[in-house]
Structure formats: structure tokens, C-alpha cells
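Structural characterization, general
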Amino acid sequence: MARGGQGLARVAVVVRAGAVPLWWLGVVAAGIGAVPEGLTGRRIGVLAGAALFLVTAVVVLCARRRRYTALARGAARAGKYDVLQDRAVTARNWRRGHRWWLLLAFLAAVGSSFAAPAAGGLLLAGAGAGLRLKAAWLGRLERSEEALLWVRVDWLGRGGGRPAGKAVKAFRSTGIAAGDAAPGGARRRTAALV
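What follows is about the sheet that holds strand β3 (residues 83–84). Adjacent strands of a sheet pair through backbone hydrogen bonds, lying either parallel or antiparallel. The strand order across the open sheet formed by 5 strands is β2-β5-β4-β1-β3, and the pairing between neighbours is mixed. The open sheet terminates on both sides in strands that have one partner only, identified here as β2 (76–77) and β3. With 3 bridges connecting them, strand β4 (residues 148–152) and strand β5 (residues 172–174) associate as antiparallel partners. Pairing of Trp150 across the sheet is with Arg172, part of β5.

With that out of the way, let us pick up the pattern of salt bridges. Scanning the model with the defined rule gives 4 salt bridges in all. Residue Arg42 is joined to Glu37 by a salt bridge in which the shortest nitrogen-to-oxygen separation is 3.4 Å.

Moving on, we come to unusual backbone geometry. Despite not being glycine, Ala118 shows a phi value in the positive range, around 70°. Phi is positive for Glu146, close to 55°, though the residue is something other than glycine. The residue Glu146 is located in the loop between α7 (119–145) and β4 in this model.

Residue position: Arg187 is located in the segment after β5. Taking the C-alpha atoms as reference points, Arg187 and Tyr68, 119 residues apart in sequence, are found 22 Å from one another. When sequence neighbours within four positions are dropped, the list of residues in contact with Arg187 reads Arg87, Asp180 and Ala182.

All right, on to the packing of helix α3 (residues 42–62) against α7 then. Two numbers describe how α3 lies on α7: the axes approach to 7 Å, and their chain directions differ by 25°. Judged by the inter-axis angle, α3 sits roughly parallel to α7. For α3 against α7, the interelement crossing comes out right-handed. Contacts between α3 and α7 involve Gly45, Val46, Gly49, Ala50, Leu52, Phe53, Thr56, Ala57, Val60 and Leu61 from the former and Ala119, Leu122, Leu123, Ala125, Gly126, Ala127, Ala129, Gly130, Leu131, Leu133 and Lys134 from the latter. In terms of residue class, the contact of α3 with α7 is made up of 15 nonpolar, 5 polar and 1 charged.

Rules behind the numbers
Residues numbered from 1 in each chain as written. Predicted model: local features only at pLDDT ≥ 70, side-chain atom pairs only at ≥ 80, totals over all residues. Heavy atoms only, no water. Pairing = 2+ DSSP bridges. Helix = DSSP H or I, 4+ residues; strand = E, 2+ residues; numbered from the N terminus. Salt bridge = Lys/Arg side-chain N within 4 Å of Asp/Glu carboxyl O. Contact = heavy atoms within 4.5 Å. Axes fitted to C-alpha atoms, helices over the stretch in contact; angles between N-to-C directions. Parallel < 35°, antiparallel > 145°, perpendicular 65-115°, else oblique. Left-handed = near helix turned anticlockwise from the far one by under 90°. Nonpolar A, V, L, I, M, F, W, Y, C, P; charged D, E, K, R; others polar.

Below you can see the structure in the form of C-alpha cells.
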């Protein structure tokens, strides 16, 4: 990076990057998993899966929330020469870094359907829903502070994830209009030209 600047990735984008693949892989796995009768029977498997979906979504949403809040409170202003990573690049890095874990999770969810139909897929979808809710919570935090939260790319690790992991010592912040992602990590809507 030029003159001591560092690459920064949006915290909410890193969190949100796993939501879509986990959700859709979970939905597909649950659909496939609903076909076999399984050991428990379809009805019990789906009910257990629904409970797992809710519990997983809440656990993922609440995990490390205190750490995110503490890092957000101590966020230093991004430097003049820091480079803000595009939303698409951050999401692609996360997905490339986790592709084998996603594949293994999908196969495990489909395989578990022979014991409890659809339960594994719904658990996976619950993790995706929890990540989406956590990104929305981060968006509310960013709006209330009127500052976007960023993390150094080199602190994210090889998989491009863990924005509040042990390696992360502090967040950086910018104005609310910086970068190409809105608060919460969603794609920024540009006003249509008339």
C-alpha cells in the first residue's frame, strides 16, 4: 500500500458474505432432505429442523456481539492512504476462502437427512439467516454512530473471514458515504439519473 496505507474491508460485508451461500445451500439441502423418510420420519425431522433453524439463527446473531460493540466503540479514523476494498472483492474473498467448508456443510446436511429429514439443511439455512440479521444489526450500529466500520484485510486471515477474531485489534471508521456498500453491507443504491 502507498505511504503506509492499509487495505480495509467492510466489517458488515464480511459478516454478510456467508449469508447467501449458507441460506441457499441450506434451502436446497432441506428440499433434498425432505425426500427420504429417514429414521425419525419426515414430520419429526422437519419440526426438529425448524427448531434448529431458530436456535442457530439466534446463536449466530448473538455470537461475539459484545466484541463487535467494543471494537466499534474504539474504532480509529481510517488514514488518508488506506485503501477501501470493494464490496464484491470482500464477498468473493470470503466465498473462495470458505468454499470447501460450504461444500462439506452441504454434504453433511444432505447426509443427515437419512436420520432426520430436512433438519441439517434447515440448520444451515438458520446460520445464513443469523449472519444476515447480524449484518443488519451492524448496519443499525453504523447508522447510529454515523460511521462505517472497517477491518484491516491482513487481520481477516487466509479465509477472508472472522472480522472480530483474535487477530483483529481494532476497527477503523469512515464517513457514512465511503465505499460502495451501504450500512449493513448491502449494495449501495445509486439514484437513477433523470
